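# Structure at a glance
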Amino acid sequence: MIRSPLITVMVQAVRKAGRALARDFGEVENLQVSLKGPANFVSSADRKAEETLFAELSRARPGYGFNMEERGRVAGTDEANEWVVDPLDGTTNFLHGIPIFAISLALLRNGVPFAGVIFNPVTDELYVAEKGQGAYLNDRRLRVAARRKLADSVVGCGIPHLARGDHQKFQRELSLVQGQVAGVRRTGAAAIDLAWVAAGRFDAFWERDLSAWDMAAGMIIIREAGGYVSDLDGGDKSLDNGHIIAGNENIREDLFKLLKKA
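The structure contained in this document is the topic of the report that follows. (Residues numbered from 1 in each chain as written. Predicted model: local features only at pLDDT ≥ 70, side-chain atom pairs only at ≥ 80, totals over all residues. Heavy atoms only, no water.)

### Some words on unusual backbone geometry
Positive phi values are uncommon outside glycine, yet Asn110 reaches one of about 55°. As for its placement among the helices and strands, Asn110 is situated in the loop between strand 6 (102-109) and strand 7 (112-120). Using a relative accessible area of 61% as the deciding quantity, one classes Asn110 as exposed. One non-glycine residue with positive phi stands out, namely Asp124, at about 60°. Note that Asp124 resides in the loop between strand 7 and strand 8 (125-130). (Helix = DSSP H or I, 4+ residues; strand = E, 2+ residues; numbered from the N terminus. Buried < 20%, exposed > 50% of the residue type's maximum accessible area, 1.4 Å probe, protein only.)

### Some points on the sheet that holds strand 9 (residues 135-137)
Strand pairing in a sheet relies on backbone hydrogen bonds. The paired strands run either parallel or antiparallel. One open sheet holds the eight strands; their spatial order is 4-3-5-6-7-8-9-10, and the pairing between them is mixed. Looking at strand neighbours, the two that pair on one side only are strand 4 (72-74) and strand 10 (140-141), the edges of this open sheet. By the bridge criterion, six bridges tie strand 7 to strand 8 in an arrangement that is antiparallel. If you follow Val117 over to strand 8, its bridge partner there is Val128. Running at roughly 155° to strand 5 (residues 78-89), helix 2 (residues 44-60) makes contact with strand 3 (64-68), strand 4, strand 5 and strand 6 of the sheet. (Pairing = 2+ DSSP bridges. Contact = heavy atoms within 4.5 Å. Axes fitted to C-alpha atoms, helices over the stretch in contact; angles between N-to-C directions.)

### Thoughts on the packing of aromatic side chains
For the structure shown, the criterion picks out seven aromatic pairs. With a centroid separation of 5.1 Å and 50° between ring planes, the pair formed by Phe25 and Phe101 is classed as tilted. With a gap of 76 residues between them, Phe25 in helix 1 (residues 5-26) and Phe101 in the loop between helix 3 (91-95) and strand 6 connect regions that are remote in the sequence. Aromatic pair Phe170 and Trp206: ring centres 6.2 Å apart, planes at 25°, arrangement stacked. A residue pair is termed long-range when its members are at least 10 positions apart, and Phe170 in helix 4 (residues 167-178) and Trp206 in strand 13 (residues 204-207) qualify at 36 residues. Ring-pair connections join several aromatic residues into one group, and the members of that group are Phe25, Phe94 and Phe101. Above the ring of Phe54, the side-chain terminus of Arg71 is found at 3.8 Å from the ring centroid. The ring of Phe114 has Arg109 lying over it, and the distance from NZ or CZ to the ring centre is 4.3 Å. (Phe/Tyr/Trp six-rings, centres within 6.5 Å; stacked < 30°, edge-to-face > 60°. Lys NZ or Arg CZ within 6 Å of the ring centre and 35° of its normal.)

Here's what the structure looks like:
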């Protein structure tokens, strides 16, 4: 795995936050839960993990700014570097006892993903990437899947839920896609979906209306695994417009064309 000082800092931070998440996951029935919005829960575990990440990263890189799901933006003296943090992607899974969730941590350098870490503390799967250094799952080098036909592919997606997203547009997209692929999957955690694309478990993935902290780490991990990432207009504005499509060169392009028809 990558042993650079930057990745070491990031891995230490997510592992420390992850230990507490794993403990809380084991006591999920006892968590104090508050409503943040329709079908969008935030738990005490979520807030504790973010505080841990903020403290660890602030100490290691005191000048860097932050963009965090709960705390929001915190300006740094080093304007070129910004941490993008989701302390618990897949909160609904977490609160329902489903072990598919992750800490997602990225470093943007001049607005572009430079390094990323995605960590599921229950499965102990740690995905890391740094620009030019490749992508890894624990100690194994990652490459995106090599399949070339949609008919052989398993595609991940996000499904709009209560009070979020364009349900009718998604239904049109799904109707076109499901008739062309070997399977469609939805995990409930975009960071995991993107990590699984990098690992070759999913051949491609698309979702709309995400936040930067859902995507930034996964974007650099997929690119360093040899994959392609764009927004749903074919551009590079995913972190701004919230829409993403990713996969290997062939499958991403074919999926992109299908979605455009919808």
